[in-house]
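Spelled out, the chains give:
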Amino acid sequence: MNSQTVHDQRKAPRGSARRRPRWEWLLLFPLLLSAPIRAADSAPRAEALLKGVENRLGEYPSFTAAFEVEDRKLPKPLGIYTVKADYDNGKILFLVEYPQRDNKKAAFLFRDETVTIFDDADEYEVKVVDLQTALGQISPTVFDPRTIGLSDLQSLAASITACLSLDGRADEYRVETVSEGDSGQNSYAVTVVSSSPIGKVEKTYQIQEPSFRVEKVRFRTEKGDLTIEVDNQYDDKISPILPSVSKMLRTDSGTVDVDKTIKVTGFQKKLFRDDHFSEKSMNIKHNAQFTSYGLAQASGYWDAENGTIIGRLEAPPRPKSKRPWKMDRYFWIKTVCWTGSLVILVILILRVKRWWNKNGLKAIN
């Protein structure tokens, strides 16, 4: 290359191909800032947002809360109830009241992998089951209240970690900006793609930052035959972490399986004595029988005065029968038996007398 060529290139106009990339990058810079985070960079950001939610909920390891449940898939007497929930580092006590079921009450206690259930509709039995039995055979109304708003189904198996897909099952992450608030509160959609027995599933969490509140949860299978929608509203005056209203809808192959609303009415950070999470707090009726659900045998009776489980005190009084004729049935059976016996005795006496009159006189003669 001669000196004239070098001189010509140095004097090339500003619009030439050599300088064009600098202007193009300046024009594209705002677009690059607003573009969604690429898949390669999504995992750390997604996990940070989900971990932010987990850490925020974990700030309250001990508290009491009150909420109302309306389960529109159950009959109203059972589907509408109120709960006073006490939580302390994994120990849970639910005191439930059914206002439309003659104010019937129930209590559910979970600690040490054991569930204790008492319902005053069956006031002389207390069921005691292990966790696996509770999950597999019955559905007790008790769960970690911190998971309200994270799932459509409340269960002892639904931990915060599992509800947020932080249990290692994620195959792919996507993160998109939903909105950027003027007050510094931004909203992001974190989508987690994972494999499951029903195929690929996508679960999207709409998360605020820096409050780390979950505004929405959307679940969808690859085929689209199963969808779950959770919509949450928050009110700082009611609770610092739980949604004040959580609406849940689950549709499976066109059929609505879950249609439920939970309204949190109160929340307070609170410390409890360890014996608070015991049978003493369950309002169990005196002399109620404790029964192992798996073995179906009595393990003792409740002494309400001393708040202890002891051996048999006395037979629990039987509720009055709603069908009095059943009680009379035994009277008539006894009457028939006695009458029959009397008739047989009379017949025997008459036969003996006849035989005596016929044969006894002959023997004398």
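Above: the structure in question.
Quick notes on the rules
- Residues numbered from 1 in each chain as written.
- Predicted model: local features only at pLDDT ≥ 70, side-chain atom pairs only at ≥ 80, totals over all residues.
- Heavy atoms only, no water.
- Helix = DSSP H or I, 4+ residues; strand = E, 2+ residues; numbered from the N terminus.
- Core = buried A, V, L, I, M, F, W, Y, C linked by side-chain atoms within 4.5 Å.
- Buried < 20%, exposed > 50% of the residue type's maximum accessible area, 1.4 Å probe, protein only.
- Contact = heavy atoms within 4.5 Å.
- Phe/Tyr/Trp six-rings, centres within 6.5 Å; stacked < 30°, edge-to-face > 60°.

S.K.: How do you make sense of unusual backbone geometry when you look at a structure like this?
M.R.: The general pattern is negative phi for most residues beyond glycine and trans for most peptide bonds. Of the consecutive residues Glu 209 and Pro 210, the connecting peptide bond is found in the cis state with omega at 20°. Relative to the elements of secondary structure, Pro 210 occurs in the loop between strand S9 (199-209) and strand S10 (214-221). Positive phi is not limited to glycine here, since Asp 112 has a value of about 55°. Turning to its location among the elements, Asp 112 is positioned in the loop between strand S4 (104-111) and strand S5 (114-119). Not every positive phi belongs to a glycine, and Glu 113 is a case in point at roughly 60°.

S.K.: Before we go on, may I ask you to explain the nonpolar core in this structure?
M.R.: Taken as a class, soluble globular proteins show a tendency for nonpolar side chains to be buried jointly. Counting 58 residues, the largest nonpolar core has Leu 50, Phe 67 and Phe 94 as the members making the most contacts within it. Of the residues forming this core, the biggest block, 5 residues, is contributed by helix H3 (residues 39-57). Contact partners of Leu 50, with chain neighbours within four places excluded, come to Leu 164, Leu 166, Tyr 173, Val 190, Val 192, Tyr 205 and Ile 207. Counting 12 residues, the second-largest nonpolar core is a separate cluster that includes Phe 118, Val 126, Ile 284 and Phe 290.

S.K.: How do you make sense of the packing of aromatic side chains when you look at a structure like this?
M.R.: A ring pair, where both rings are aromatic, is described by two values, the distance of the centres and the angle of the planes. For the structure shown, the criterion picks out 9 aromatic pairs. A ring pair is formed by Phe 67 and Phe 143, whose centres lie 6.1 Å apart and whose planes are at 45°; its orientation type is tilted. Of this pair, Phe 67 sits in strand S1 (residues 62-71) while Phe 143 sits in the loop between helix H5 (131-137) and helix H6 (160-163); the two residues are 76 residues apart in sequence, bridging distant segments of the chain. Judged by relative accessible area, Phe 143 falls into the buried class, the value being 6%.

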